[in-house]
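# Close look at the chain arrangement
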Amino acid sequence: MTNKAVYIIAEIGQAHEGSLGLLYSYIDALATTGVDAVKFQMHIAEAESSAHEPFRVQFSKEDVTRYDYWQRMGFTFEQWQGIKAHCEAKGLEFLCSPFSNQAVDWLESLGVNRYKIGSGEVLNHLLLEKIVQTGKPLIVSSGMSSYADLDATVAFLREREAEFALMQCTTSYPTPPERFGLNVIQELKERYNVPVGYSDHSAQKATSIAAVSLGATLVEFHVVFDRRQFGPDSGSSLTIDETQELVHAIRQIEVALAHPVDKNDTTPYNDLKKMFGKSLAINKNLPAGHILTFADLEAKKPMGYGINAQDFHKVLGKKLTFDKPQWDFLNEEDLQ
């Protein structure tokens, strides 16, 4: 689905708090980190929600209902046009999760390249049908899904010949280590034979680094200027500086994974092996005719000035041909 070994998605999500100025500031900051895409959530309150929707966590002090919150966090179509254009001007892909069919219509009008499906929409086959009809690829998070759920959705997508990737994800904010589910990355690969990524809510760089090392080819994480700021996802996000550090680490891992090491080829270390290798020596003054014991021996750098230290057992019980001064190297001509 991408040309890079690992596709890195930084999610602004709701961190903008409904402010276009703050949102643009996030785009500008993330453009300096090296991420591939900035991800948003397109919430059109009247199309996706109602006054009956409960808060996941009652975090807002100004919104009476979740519906009110979505209204406050939404942008007009014209504002979304400006947001997408600004992302592209900064060299970032505009990626967005729709939560209604109307949002898909808007995103199609904006001209997105692909769709990100949030964990709560995996079984929303109405929305998936709408997206599949666009012919665009999908990236599907699996945070709330069992394998039965995923089997149903994968079958749905395959029946329609959709191109898609799956993301291991844990819907817990922040996610504790015992619930990372890093083992699921390989399980998803083996079960579905599609590209697999990791969507993180741990607020730790190490989690995505581990995921890439275990084979994830996409990573996604929330970002925030400061984890102390207001918002439902702040405590489960990375900061801008941490994002830059994470991108650097992932690119290093990409290089490493692309260059498997042949442990049998020690050619690059030939000179070092000689330098750090050890030769046998005598640790005390010994007379000719002395029968060597283990207690007489020492190993000294460098290699090649005496019998190799690994062959010490071959000299035990041998007689010295000459007097040997303390710390002198031991060679074959010294033995009889």
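Described in the following lines is the structure provided in the data block. (Residues numbered from 1 in each chain as written. Predicted model: local features only at pLDDT ≥ 70, side-chain atom pairs only at ≥ 80, totals over all residues. Heavy atoms only, no water.)

As a further point, take the pairing of strand β6 (residues 164-169). For β6, a buried count of six out of six residues is recorded, marking the element as mostly surrounded by other parts of the structure. By the alternation rule, side chains of β6 split into Phe164, Leu166 and Gln168 and Ala165, Met167 and Cys169, which are all buried. Note: strand β5 (residues 138-141) against β6, four bridges, orientation parallel. In the strand pairing of β6, Ser141 is matched with Met167. With helix α7 (residues 147-159) bridging β5 and its parallel neighbour β6, the resulting β-α-β unit is right-handed. Relative to strand β7 (residues 196-200), β6 runs parallel, the two sharing four bridges. The residue bridging Cys169 from the neighbouring strand is Ser199, located in β7. As for the winding sense of the linkage, the β-α-β connection from β6 through helix α8 (residues 183-192) to β7 is right-handed. (Buried < 20%, exposed > 50% of the residue type's maximum accessible area, 1.4 Å probe, protein only. Helix = DSSP H or I, 4+ residues; strand = E, 2+ residues; numbered from the N terminus. Pairing = 2+ DSSP bridges. Right-handed = clockwise from strand over helix to strand, strands pointing away.)

Attention shifts here to the packing of aromatic side chains. Scanning the entire structure with this criterion turns up ten aromatic pairs. Seen from their ring centres, Tyr69 and Trp70 are 5.2 Å apart, and the 55° between their planes marks the pair as tilted. What makes Tyr69 buried here is its relative accessible area of 1%. With a relative accessible area of 6%, Trp70 lands in the buried category. A ring pair is formed by Phe77 and Trp106, whose centres lie 5.8 Å apart and whose planes are at 70°; its orientation type is edge-to-face. Taken together, the residues Phe77 in helix α4 (residues 77-89) and Trp106 in helix α5 (residues 101-110) connect sequence positions 29 residues apart. Grouping aromatic residues by their ring pairs yields a cluster made of Phe40, Phe75, Trp80 and Phe94. Arg114 extends its terminal NZ or CZ atom over the ring of Tyr7, reaching a point 5.0 Å from the ring centre. (Phe/Tyr/Trp six-rings, centres within 6.5 Å; stacked < 30°, edge-to-face > 60°. Lys NZ or Arg CZ within 6 Å of the ring centre and 35° of its normal.)

Once that is clear, we can look at the side chain of Ser279. On the secondary structure map, Ser279 appears in strand β9 (residues 279-282). Residue classification places Ser279 among the buried positions, given a relative accessible area of 0%. Here Gly304 takes part through its backbone nitrogen, which lies 3.2 Å from a polar atom of the side chain of Ser279. In this structure the side chain of Ser279 is engaged in a polar contact, spanning 3.3 Å, whose partner is the backbone nitrogen of Gly306. When residues no more than four places from it in sequence are discounted, the contact partners of Ser279 are Glu298, Ala299, Lys300, Pro302, Met303, Gly304, Tyr305, Gly306, Ile307, Ala309 and Phe329. (Polar contact = N/O pair within 3.5 Å; in protein donor to acceptor, adjacent residues only side chain to side chain. Contact = heavy atoms within 4.5 Å.)

Inspection of the entire model under this criterion finds 21 salt bridges. Linking Lys39 and Glu220 is a salt bridge whose minimum nitrogen-to-oxygen distance equals 3.2 Å. With Lys39 in strand β2 (residues 37-42) and Glu220 in strand β8 (residues 218-222), this residue pair connects regions lying 181 residues apart in the sequence. One salt bridge connects Arg160 with Glu129, and the closest N-O pair in it is separated by 2.5 Å. Of this pair, Arg160 sits in the loop between α7 and β6 while Glu129 sits in helix α6 (residues 125-132), and the two are 31 residues apart along the sequence. (Salt bridge = Lys/Arg side-chain N within 4 Å of Asp/Glu carboxyl O.)

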